[in-house]
Amino acid sequence: MEVLQTSALPLGYVAPPFVTRFYLRCRQPQGRTTTLGGELEEQEFRDVMARLAASVVVISARTDRGFRGLTATSFVSISTEPPMVLVGLERMTITFNVSVLTRSQEFIAERFAGRAPAVAGAWSDVPHHLGANGLPLIDGCAAWLECKLAQVHQAGDHDICVGGVEAATKGDGEPLILWDRSFWSLR
Ligand SMILES: Cc1cc2nc3c(=O)[nH]c(=O)nc-3n(C[C@H](O)[C@H](O)[C@H](O)COP(=O)(O)O)c2cc1C
């Protein structure tokens with residue numbers, strides 16, 4: 001499998017600086033396990049987590065100010081019976097849709113990460129349609145899910161939002177991958 005980088009844009013969303021206190025056990029290349037104790041700087045934590053490859057999705061929801069989209073990489077499936085997914089969000093929302101972006105949709109990831117130039121009406125120039133629940137689904141994606149919030153668990157500065165999947169549709173195209181702060185695709 002050939003892996004191609006689609007962009008060299010530095011990635012990683014910026015949150016207020018904080019210091020995380022926890023202990024990290026890591027295995028050395030030689031097989032030795034060491035324990036790093038004490039304070040872990042936010043940047044160190046970000047640098048380690050940047051080594052994790054993840055699919056890029058856009059979460060869409062309705063807010064007081066209309067539809068909102070948010071680029072996320074914390075989206076995973078968690079249960080098949082019943083079908084459930086989870087995503088870490090700064091603010092929880094009752095119903096949300098998920099559009100799994102493809103390699104050609106980097107600009108949409110940038111847009112909904114708040115990094116593209118400001119355009120009036122976040123959704124006005126993003127091709128989309130509405131799901132059965134009335135929330136936006138981005139056209140041309142690798143997959144789409146419509147979810148209803150089932151559980152919320154507080155986790156640091158984010159909420160773990162568990163959603164029951166009410167509709168799931170397969171699309172075409174290669175997924176957009178985030179790894180090492182850059183966008184990649186599988187071939
Ligand atoms: C690659 C990437 C992944 C992200 N993943 C998440 C995530 O999983 N959960 C989250 O709440 N924010 C995530 N964010 C941050 C939000 O996309 C971003 O903070 C938010 O959309 C800011 O937009 P605003 O300025 O319009 O509020 C991610 C950002 C990027 C660039």
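The structure under discussion appears in the preceding block.
Residues numbered from 1 in each chain as written. Predicted model: local features only at pLDDT ≥ 70, side-chain atom pairs only at ≥ 80, totals over all residues.

Q: Explain the nonpolar core here, please?
A: The biggest cluster of nonpolar side chains holds 31 residues, and the ones touching the most others in it are Val-57, Val-58, Ile-59, Val-87, Val-98, Leu-101 and Ile-108. Listed by contribution, the elements that provide at least two residues to this core are strand 7 (57-63), strand 8 (66-72), strand 10 (83-89), strand 11 (95-100), helix 2 (106-112), strand 13 (136-138), strand 14 (143-155) and strand 16 (177-179). No other element matches the four residues that strand 7 contributes to this core. Every residue in contact with Ile-59, bar those within four places of it in the chain, is listed here: Leu-70, Ala-72, Val-87, Leu-89, Phe-96 and Val-98. (Core = buried A, V, L, I, M, F, W, Y, C linked by C-beta atoms within 7 Å. Buried ≥ 20, exposed ≤ 12 C-beta atoms within 10 Å, placed from the backbone. Helix = DSSP H or I, 4+ residues; strand = E, 2+ residues; numbered from the N terminus. Contact = placed C-beta atoms within 7 Å.)

Q: Just checking my understanding: could you explain the environment of Pro-136 for this structure?
A: Mapping Pro-136 onto the fold places it in strand 13. If we ignore the near neighbours within four places in the chain, the residues touching Pro-136 are Ser-60, Phe-67, Asn-97, Trp-123, His-128 and Leu-130.

Q: Just to check I follow, could you spell out the pairing of strand 11 for this structure?
A: Put simply, side chains in a regular strand alternate between the two faces of the sheet. Burial analysis of strand 11 places five of its six residues in the buried class, which makes it a mostly covered element. Strand direction decides the pairing type here: strand 7 and strand 11, joined by four bridges, are antiparallel. Paired with Ser-60 across the strands is Asn-97, a residue of strand 11. (Pairing = 2+ DSSP bridges.)

Q: Is there a simple way to explain unusual backbone geometry in this structure?
A: Note: most residues except glycine have negative phi, and most peptide bonds are trans. Going from Glu-81 to Pro-82, the amide bond is cis rather than trans, its omega being 0°. Mapped onto the fold, Pro-82 is located in the loop between strand 9 (76-80) and strand 10. If you check the backbone angles, Asp-180 has positive phi at about 55° while not being a glycine. Along the chain, the position of Asp-180 falls in the loop between strand 16 and strand 17 (182-185). With 14 C-beta atoms packed within 10 Å, Asp-180 lands in the partly exposed category.

Nothing here speaks to function; it is geometry throughout.
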